[in-house]
Amino acid sequence: MEQSSVTVFVVDAFTNELFSGNPAAVCCLENDIPDTLKSKIAAEMNLSETAFATIDSDGSETFEKSTKFGLRWFTPSHEVDLCGHATLATAAVIFHKLGNKEKTIEFKTRSGILKAIQEGESSITLDFPINPPAPYEAENLPDIVRIVVGNLEIQEVQHSATTKKLLLRLADKYNRQDLESLSPSLQDLLAVEKSGVVKGVIVTLQANDKENFDFYSRYFAPWVGIPEDPVTGSAHTVLAPYWQTVYNKHHFRARQCSKRGGDLNIEIVEQRVKLTGQVAHVLEGTIRIK
């Protein structure tokens, strides 16, 4: 019988509180669906990402028993190569809602094999590739900086070629409130950057000694249909190696300072970044596809 509906979950990632962190929609597909339909569902859900998981086997496995899955991520307008919070949300659905008792599961993705590891009853660790940034210059860089941070002073600019993320570090004289006050014009960003070299802008700031964080960040990605992403796992595969060069250490506690906000525990192990976070399960329902 032709499939007429898909079960969808909404999960708030990198938080243990409802209505905070970064929400992702998750569809675990017993039978795959066309990419055009995935795009339509992602547009209908209208979250920063909708994840589509499939069982990566000969058909004899189930979501409850398998350890290997396929995973793809769609924004409302584009498919993307890597998404941390939607991977965390997908792992949480498989572990918490579909009854998978395995310690570790693997996702085959456009960014290679990604692992998700159950850490007790509440936390999940993601094993992601590292994406170190490098110093960056471009003719339109002053315009991008002006649009994003206004008159605030930038201490350093770097760029991750693998993720196409531009990293702007605010000068240390600023504080978290300065970062949270930024309100860039997304249409202006789209107007000045059309080359495809930049697909997202990270703004980061060193945390002060009084708070239990090493650094703060925000992330804007209008080029892929995301005005501001609340908590971005993939951005921290760029942030972690950058701040490693500053602090000369491998473990970090980070806060993404969007209005919803979220926290990450980060560890660098060789050429991998391990991101640990919690989730809050918000919604489970059915979406009609015919």
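Reading the values: the criteria
Positions within a chain are numbered from 1, following the residues in the order the chain's sequence is written. Residue-level local features of this predicted model are given only where pLDDT is at least 70; pairs of side-chain atoms are given and counted only at 80 or more, and the full residue set underlies all totals for whole chains, interfaces and linings. As a convention, hydrogens and water are excluded, and side-chain values are obtained from all of the structure's heavy atoms. Each reported salt bridge corresponds to a side-chain nitrogen of Lys or Arg within 4 Å of a carboxyl oxygen of Asp or Glu. Here a helix means four or more residues in a row that DSSP labels H or I, a strand means two or more in a row labelled E, and each is numbered from the N terminus. When a residue's accessible area, from a 1.4 Å probe over protein chains only, is under 20% of the maximum for its type it is buried; when over 50% it is exposed; and in between it is partly exposed. Here a residue-residue contact requires only that any non-hydrogen atoms of the pair lie within 4.5 Å. The directions considered for the arc run from the helix axis to the C-beta atoms. Each patch is built from residues that are more than 30% exposed by relative accessible area and take part in no salt bridge. Like charges join if they lie within 9 Å; nonpolar side chains (Val, Leu, Ile, Met, Phe, Trp, Tyr) join within 5 Å. Only the protein chains shown count as cover for residues, and all accessible areas are computed by the Shrake-Rupley method using a 1.4 Å probe. One bridge is not enough; two strands pair if DSSP finds at least two bridges between them. Viewed with both strands pointing away, a crossover whose connecting path from the first strand over the helix to the second turns clockwise is right-handed. Expected helix span is given by 1.5 Å per residue-to-residue step, counting one fewer step than there are residues. The seven residues ending at a residue and the seven starting there each receive a fitted axis; the angle between those axes is the bend at that residue.

Re the pattern of salt bridges
Part 1: A full pass over the atoms with the stated rule returns 20 salt bridges.
Part 2: Arg-260 serves as the salt-bridge partner of Asp-12, at 3.1 Å between the closest nitrogen and oxygen. Within this pair, whereas Asp-12 is found in strand 1 (residues 5-13), its partner Arg-260 is found in the loop between strand 14 (251-256) and strand 15 (262-269), the two being separated by 248 residues in sequence.
Part 3: Overall, Arg-260 belongs to the partly exposed group, its relative accessible area being 31%.
Part 4: One salt bridge in this structure joins Asp-56 and Lys-108, with 3.5 Å as the shortest N-O distance. Residue Asp-56 is located in the loop between strand 3 (50-55) and strand 4 (68-74), and its partner Lys-108 is located in strand 6 (residues 104-109); the two are separated by 52 residues in the primary sequence.
Part 5: Judged by relative accessible area, Asp-56 falls into the partly exposed class, the value being 34%.
Part 6: Of the residues examined, Lys-108 reaches a relative accessible area of 48% and is grouped as partly exposed.
Part 7: Within the structure, one salt-bridge network assembled from shared partners comprises Asp-32, Asp-35, Lys-38, Arg-72, Glu-79, Asp-81 and Arg-110.

With respect to the side chain of Thr-75
Part 1: Its place among the elements puts Thr-75 in the loop between strand 4 and strand 5 (79-80).
Part 2: Classification of Thr-75 by relative accessible area gives buried; the value is 1%.
Part 3: Non-local contacts of Thr-75, meaning those with residues more than four positions away in its chain, are made with Ala-42, Ser-48, Glu-49, Val-80, Val-224 and Ile-226.

Let's talk about helix 1 (residues 35-45)
Part 1: Of all the positions in helix 1, only Leu-37, Lys-38, Ile-41 and Ala-42 are classed as buried. Looking straight down helix 1, one finds its buried side chains confined to an arc of 140°; they lie on one side. With respect to the buried face of helix 1, the exposed residues turned more than 90 degrees away are Thr-36, Lys-40 and Glu-44.

Structural notes on a nonpolar patch on the surface
Part 1: On the surface, Leu-18, Phe-19, Val-282 and Leu-283 cluster together into a nonpolar patch covering about 390 Å² of accessible area.
Part 2: Along the chain, the position of Phe-19 falls in the loop between strand 1 and strand 2 (22-29).
Part 3: Since its relative accessible area comes to 60%, Phe-19 is described here as exposed.

Points about the environment of Lys-194
Part 1: Locating Lys-194 in the fold gives a position in the loop between helix 5 (186-192) and strand 12 (200-206).
Part 2: It is 15 Å that separates the C-alpha atoms of Lys-194 and Ile-147, two residues lying 47 residues apart in sequence.

A short note on the pairing of strand 13 (residues 215-220)
Part 1: Extensive coverage of strand 13 is indicated by the burial of six of its six residues.
Part 2: Because side chains alternate across strand 13, one face comprises the buried residues Phe-215, Ser-217 and Tyr-219, and the other comprises Tyr-216, Arg-218 and Phe-220, equally buried.
Part 3: Strand direction decides the pairing type here: strand 12 and strand 13, joined by six bridges, are antiparallel. Directly across from Ile-202, in strand 13, lies its bridge partner Tyr-219.
Part 4: For strand 13 and strand 14, the ladder comprises three bridges, and the chain directions are parallel. Counterpart to Tyr-216 in the pairing with strand 14 is Arg-255.
Part 5: In the classification by handedness, the crossover that spans strand 13, the intervening helix 6 (residues 233-247) and the parallel strand 14 is right-handed.

What about helix 6?
Part 1: The end-to-end C-alpha distance of helix 6 is 20 Å, a good match for the 21 Å that 15 residues give at a rise of 1.5 Å each.
Part 2: Maximal helix bending in helix 6 amounts to about 25°, located at Leu-239; proline Pro-241 follows within four positions.
Part 3: Most of helix 6 sits out of view: 11 of its 15 residues are buried.
Part 4: Of the positions making up helix 6, those classed as buried are Gly-233, Ser-234, Ala-235, His-236, Thr-237, Val-238, Leu-239, Ala-240, Pro-241, Tyr-242 and Trp-243.

So yeah, pure geometry; function would need other evidence.
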